[in-house]
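# Report on the structure
As a plain string of letters, each chain reads:
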Amino acid sequence: LGEFARIDQIFAPLSAGAPGAFGLTDDAALLPDAGPGQGWVVTNDAVVAGVHFVPDDPPDLVARKALRCNLSDLAAMGAAPYGYTVALAMPREVAGDGAAATDWVRAFARGLAEDQAAFGVHLLGGDSVSTPGPLWISITAFGRVDSAQALRRSGARPGDELWVTGTIGDGALGLLARNGRILRDDVTEPLVQRYLLPEPRTRLGPALVGIATAALDVSDGLVADAGHIAHRSSVRIEIDAPAMPLSAGAIACVDSAPDLLHHVLTGGDDYELLFTAPLDRRETIEALAAETATRISRIGRVTDGRSGVTVLDRHGEAIDSLGSGGWSHA
Ligand SMILES: [Mg+2]
């Protein structure tokens, strides 16, 4: 397939739900009015074969993860997702006119279509080019939020509580298992799946607007990401290690190799929402958890100490014995 046929046959159908995309026949897309008091939130995430995924990973999974990482960033801002653009740089083996290349692109688009249906977003445009380098994918996503109330990292206040969605550490453990560094095939399969296909919290994020005082999505690792909130908000954050929500697979891994707990706390790729909220919002948050069928755990608190993060053990003692500056980050 040549470029025009590729757009026409493979990508244009993905734009059908967005009138301003003009079926990808114009030079650019038109975003609709955001709505009264609403603003557009925009985010971009790029992934490179050999760095963020393995070149022969299934193209539909690669597409879905790339899209989901962007949707997770929108959710972290409290934005409801609307649409996205995608740029693909393909090496000749993929970008040529051969049947294998067309199969790859079709599978890639099939993954996008699947998640478009799951998350209610539409393709607004994009580009594809040939490259002498590795396969490279860049997605830019657009969402809408009340412009005065977008969730930021800077609003945490002493006395707030710290919450996190889902389970923590599965992405990091899944990657280790995939690279042959955890040999527990009996328990790691769901962790690998979580690494390959994170679950962006697109329903909960917008529902936290007006409730959460600060939020972000966990991509650098729980402790580092809590540190981002702490620094942007000029507060101290205490995390209770025993309150950490772990999946059954993660518990089995940590039980057989306790030093893996370090990866749980500091690994990345979870794409869960970490947020702070005042004490009197506890019941509201618990109701939201039920309403959106999302596990939400209270894992710590915000204090007015020196800006940074402290991880506490089950006795309430700071843990600082585990490498890389420990868990008590200045
Ligand atoms: Mg993020």
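Scroll up to find the structure.
Anyway, here's the lowdown on the structure attached to this text. (Residues numbered from 1 in each chain as written. Predicted model: local features only at pLDDT ≥ 70, side-chain atom pairs only at ≥ 80, totals over all residues. Heavy atoms only, no water.)

A count of helices and strands for the chain gives 11 helices and 10 strands. On C-alpha atoms alone, the chain measures out to a radius of gyration of 21 Å, which is about the 20 Å that the 2.2 N^0.38 rule sets for 330 residues. For the chain, the spread of C-alpha atoms along the principal axes amounts to about 65 × 50 × 35 Å. Across the 330 residues of the chain, 53% fall into the buried class. (Helix = DSSP H or I, 4+ residues; strand = E, 2+ residues; numbered from the N terminus. Rg over C-alpha atoms; globule rule 2.2 N^0.38 Å. Buried < 20%, exposed > 50% of the residue type's maximum accessible area, 1.4 Å probe, protein only.)

Only Asp 73 (OD) and Asp 217 (OD) from the protein coordinate the magnesium ion, and they sit 2.1 Å from it. Here the residue Asp 73 occupies a position in helix α2 (residues 59-76), and Asp 217 occupies one in strand β6 (residues 214-217), the gap between them amounting to 144 residues. (Donors = N, O, S within 2.8 Å, 3.2 Å for Na, K, Ca; no water.)

Where empty space is left can be seen by rolling a probe of water-molecule size over the atoms. Scanning the model with the defined rule gives one cavity of 30 Å³ or more in all. Approximately 110 Å³ is the volume attributed to the largest cavity. In terms of lining, the largest cavity is formed by Val 47, His 52, Phe 53, Asp 57, Leu 61, Val 62, Lys 65, Ala 66, Tyr 195 and Leu 196. For the lining of the largest cavity, the secondary-structure elements that each account for two or more residues are α2 and α6 (185-196). If one sorts the elements of the lining of the largest cavity by residue count, α2 sits on top with four residues. Residues that form the lining of the largest cavity fall into these classes: seven nonpolar, one polar and two charged. (1 Å grid on protein atoms, 1.4 Å probe; cavity = no way out; pocket = protein on both sides within 12 Å on 5 of 7 lines; lining within 4 Å. Points joined across faces, edges and corners; volume = space filled by probe spheres on them. Nonpolar A, V, L, I, M, F, W, Y, C, P; charged D, E, K, R; others polar.)

It is worth spelling out α6 at this point. For α6, built from 12 residues, the straight-helix expectation of 16 Å at 1.5 Å per residue is met to within 8% by its first-to-last C-alpha distance of 16 Å. Here α6 has its buried residues at Val 187, Thr 188, Leu 191, Val 192, Arg 194, Tyr 195 and Leu 196. Looking at the packing, one finds that the buried side of α6 touches α2, α5 (170-178) and α9 (248-256). (Expected span 1.5 Å × (residues − 1). Contact = heavy atoms within 4.5 Å.)

Three or more residues of α9 are buried, namely Gly 249, Ala 250, Ala 252, Cys 253 and Val 254. The inward-facing, buried residues of α9 abut α5, α6 and α10 (261-266).

Before going further, it helps to examine the layout of surface pockets. In this model, the largest pocket occupies a volume close to 440 Å³. Ile 7, Leu 24, Gly 125, Gly 126 and Asp 127 are the residues nearest the centre of the largest pocket, which is lined by 23 residues in total. Counting residues per element, the ones that place at least two in the lining of the largest pocket are α1 (3-11), β2 (80-91) and β3 (122-131). Looking at the lining of the largest pocket, the element that brings in the most residues is β3, giving six residues. Taken together, the residues that form the lining of the largest pocket break down as 12 nonpolar, six polar and five charged. What lines the second largest pocket is Asp 45, Ala 46, Val 47, Val 51, His 52, Lys 65, Cys 69, Tyr 195, Asp 269 and Tyr 271. Element by element, the count of residues in the lining of the second largest pocket is highest for strand β1 (residues 38-48), at three residues. Residues that form the lining of the second largest pocket fall into these classes: six nonpolar, one polar and three charged.

Turning next to the sheet that holds strand β4 (residues 136-146). Taken in spatial order, the four strands of this open sheet run β1-β4-β2-β3, and their pairing is mixed. The open sheet terminates on both sides in strands that have one partner only, identified here as β1 and β3. With strand direction ignored, the average angle separating the axes of adjacent strands in the sheet is 15°. Alignment of β2 against β3, held across nine bridges, turns out to be parallel. Directly across from Leu 88, in β3, lies its bridge partner Ser 128. Sheet strands touched by α1: β2 and β3. Its angle to β3, the strand with the most contacts, is close to 150°. (Pairing = 2+ DSSP bridges. Axes fitted to C-alpha atoms, helices over the stretch in contact; angles between N-to-C directions.)

This paragraph deals with the packing of α2 against helix α4 (residues 99-119). Packed helix pairs are specified by the crossing angle of their axes together with the interaxial distance, meaning the distance between the axes. Packing of α2 against α4 brings their axes to within 7 Å, and their N-to-C directions diverge by 40°. Comparing the axis directions of α2 and α4 gives the class oblique. Of the two elements, α2 crosses α4, and the hand of that crossing is right-handed. Contacts between α2 and α4 involve Pro 59, Asp 60, Ala 63, Arg 64, Leu 67, Arg 68 and Leu 71 from the former and Trp 104, Ala 107, Phe 108, Gly 111, Leu 112, Glu 114, Asp 115 and Phe 119 from the latter. (Parallel < 35°, antiparallel > 145°, perpendicular 65-115°, else oblique. Left-handed = near helix turned anticlockwise from the far one by under 90°.)

Of note, the phi angle at Phe 22 is positive, near 50°, even though the residue is not glycine. As for its placement among the helices and strands, Phe 22 is situated in the loop between α1 and β1.

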